[in-house]
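Structural overview
The primary structure of each chain is shown beneath.
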Amino acid sequence: GTLTSNKMRVTRLCIGNESITVTGDGYAPAGGFLSEGKEMSGERLDQSGAKRLLSAMALCNNANLHAPDKPQGEWTITGDPTEAALLTAAVKSGIDLEGLKKRYPRTHHLPFERIRKRMTTIHETSGAVAAKRVAFVKGSPKEVIELSAFVYDGAKIRPMTEAEKTEALRQNDEMASMGLRVLAAGSAEVDIKASYTSDEVEKNLVFLGLIAMLDAPRPEVKAA
């Protein structure tokens, strides 16, 4: 086969004190989630906050995942490999991407900038917070953690303590030192407006957790 760019894949999620291992290779959404070596059920993924983290990463995302067109075919992507890897992890957790996008239609996009080290998308919501929109922010862990005032612990949103910020930064450093690429996600409720600036949206965030990825060389690279 031709040498194409390496495939990114999500290998770990950190939410609060829980470290979750993600299994599976490539962009095919096959694999599971392990906590302390035990396979996590869909219910556990919900309770841990993993699904909320993965939903945020899937919505704050410009890539697309394409199922193979023939039985033995490969899953393919369009867009950024990092963002595609996030979509794969979301589908592995049982998230229906099409359904998610229908539930949270995107209204605005504040693109990634090197200086901000993050990107934000703003979405309509339904239900109790229909009078508001929700912003999802993903980017450099240090930046996102610094901008967070709250944390989602799987059950509720509460103020984020300095100790929790320090622990999240420690987790980031530990994973980065293992050669993993780490991203953080946060969310915020915003008023319904015609336009937004990053300064007004990217503050007092609810910290959702960290996702670590591995740049997985393709099999033919090893052969070479």
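Just above, that's the structure.
We now turn to the structure provided with this report. (Residues numbered from 1 in each chain as written. Predicted model: local features only at pLDDT ≥ 70, side-chain atom pairs only at ≥ 80, totals over all residues. Heavy atoms only, no water.)

1. Considerations on the overall build of the chain
Looking only at helices and strands, the chain has eight helices and 13 strands in total. Relative to a compact globule of 224 residues, whose C-alpha radius of gyration would be 17 Å, the chain shows 17 Å and is just as compact. C-alpha extents for the chain along the principal axes are approximately 50 × 35 × 35 Å. Across the 224 residues in the chain, those meeting the buried criterion constitute 46%. (Helix = DSSP H or I, 4+ residues; strand = E, 2+ residues; numbered from the N terminus. Rg over C-alpha atoms; globule rule 2.2 N^0.38 Å. Buried < 20%, exposed > 50% of the residue type's maximum accessible area, 1.4 Å probe, protein only.)

2. Brief notes about the nonpolar core
In this structure, V10, L13, F33, L53, L54 and I211 are the most contacted members of the largest nonpolar core, which totals 39 residues. When contributions to this core are tallied by element, the ones reaching two or more residues are β1 (7–15), β2 (18–22), α2 (50–59), α3 (81–92), α4 (97–103), β9 (132–139), β12 (181–191) and β13 (205–216). For this core, the element with the most residues is α2, which contributes seven residues. One finds C14, M160, V182 and A212 within the second-largest nonpolar core, a separate group that totals 16 residues. (Core = buried A, V, L, I, M, F, W, Y, C linked by side-chain atoms within 4.5 Å.)

3. Re the packing of aromatic side chains
Tallied over the full model, the rule gives one aromatic pair. Consider the rings of Y104 and F136, whose centres lie 6.3 Å apart with planes at 80°: the pair is edge-to-face. Residue Y104 is found in the loop between α4 and β7 (106–113), and its partner F136 is found in strand β9; the two are separated by 32 residues along the sequence. With relative accessibility at 26%, the residue Y104 sits in the partly exposed group. The buried category is assigned to F136, whose relative accessible area is 8%. Here the basic side chain of R52 rests over the ring of Y152, its NZ or CZ set 3.7 Å away from the ring centre. (Phe/Tyr/Trp six-rings, centres within 6.5 Å; stacked < 30°, edge-to-face > 60°. Lys NZ or Arg CZ within 6 Å of the ring centre and 35° of its normal.)

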